[in-house]
Amino acid sequence: MSTGNSRLPSTISGSRPGSNFGQLSDFLRGTNADEESRRVGESMSELAAHVEGLIEGLKQGKVRTTIAPLLVDLLTVLRAHRHMVVGLGLPWRGLYEYAGYLQALNHFRVLIGQWLLDGGPRSRELLLNAEDFELVAWRTLAEGMLLIDVYEQWVIREQHEQQQQESGLAALSEPQVDRAIQWWKKLRL
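Presented here is an overview of the structure given in this document. (Residues numbered from 1 in each chain as written. Predicted model: local features only at pLDDT ≥ 70, side-chain atom pairs only at ≥ 80, totals over all residues. Heavy atoms only, no water.)

## Overview of the overall build of the chain
Right, on to step 1. Looking only at helices and strands, one finds seven helices and zero strands in the chain.
Right, on to step 2. Counting across all 189 residues of the chain, residues that qualify as buried make up 37%.
Right, on to step 3. Surface summary for the chain: the accessible area is close to 11,300 Å², and the carbon and sulfur share equals 54%. (Helix = DSSP H or I, 4+ residues; strand = E, 2+ residues; numbered from the N terminus. Buried < 20%, exposed > 50% of the residue type's maximum accessible area, 1.4 Å probe, protein only. Areas by Shrake-Rupley, 256 points an atom, 1.4 Å probe, with all protein chains shown as cover.)

Here you go:
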């Protein structure tokens, strides 16, 4: 994979992953390889917005009656996003990063369920803290960013190869083009 065409932020640093959600939003606004890529980016943006809201809520306190509804809302958005990702076309599913992102989404979903159950339903506070949540959320979103980036690089590479093939056929004379087409048809049988 060539990193020269990569749109992933090259300056992700610092000890606080949550400080980069703005960079994530910028990255996702730029996803435009095709309609599916745009949909994935929009869905991830919605997921990131819920994550940011939850982080801010956790920084205010861990009161179950305040944070649990935010976690349930996030879980709903996460399930819808995962459903959309599962329905992506073959080019997406053929990428190595696709399986990693699905695994990260599943892991995040399971952890949210555990955080909702920890301490029991009668406990006043959740056992979850903002830092732990932030790390898991950032890892999950980063897996999605990687998937989008690799997919968009794949689309660019495919378009480039198609242009090269078309320009190669244009340089051939008419009888050579006919023979090439006939040869190709024989191969497909």
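## Section: helix 3 (residues 64-86)
Given 3.6 residues per turn, any residue in an α-helix points the same way as the ones three and four places further on.
Right, on to step 1. Helix length check: helix 3, at 23 residues, gives a terminal C-alpha distance of 31 Å against a target of 33 Å (1.5 Å per residue), a fit within 8%.
Right, on to step 2. Within helix 3, the full set of buried residues consists of Arg64, Ile67, Ala68, Leu71, Leu74, Leu75, Val77, Leu78, His81, Met84 and Val85. (Expected span 1.5 Å × (residues − 1).)

## Brief notes about the nonpolar core
Right, on to step 1. In terms of nonpolar packing, the biggest core is built from 43 residues, with Leu71, Phe108, Ile112, Trp115 and Phe133 touching the most fellow members.
Right, on to step 2. Going through the elements one at a time, helix 2 (35-60), helix 3, helix 5 (96-117) and helix 6 (130-170) are the ones with two or more residues in this core.
Right, on to step 3. When residues in this core are grouped by element, the largest group, 12 residues, is from helix 6.
Right, on to step 4. Apart from residues no more than four positions distant in its own chain, Trp115 is found in contact with Leu71, Phe108, Leu126, Leu128, Phe133 and Val136. (Core = buried A, V, L, I, M, F, W, Y, C linked by side-chain atoms within 4.5 Å. Contact = heavy atoms within 4.5 Å.)

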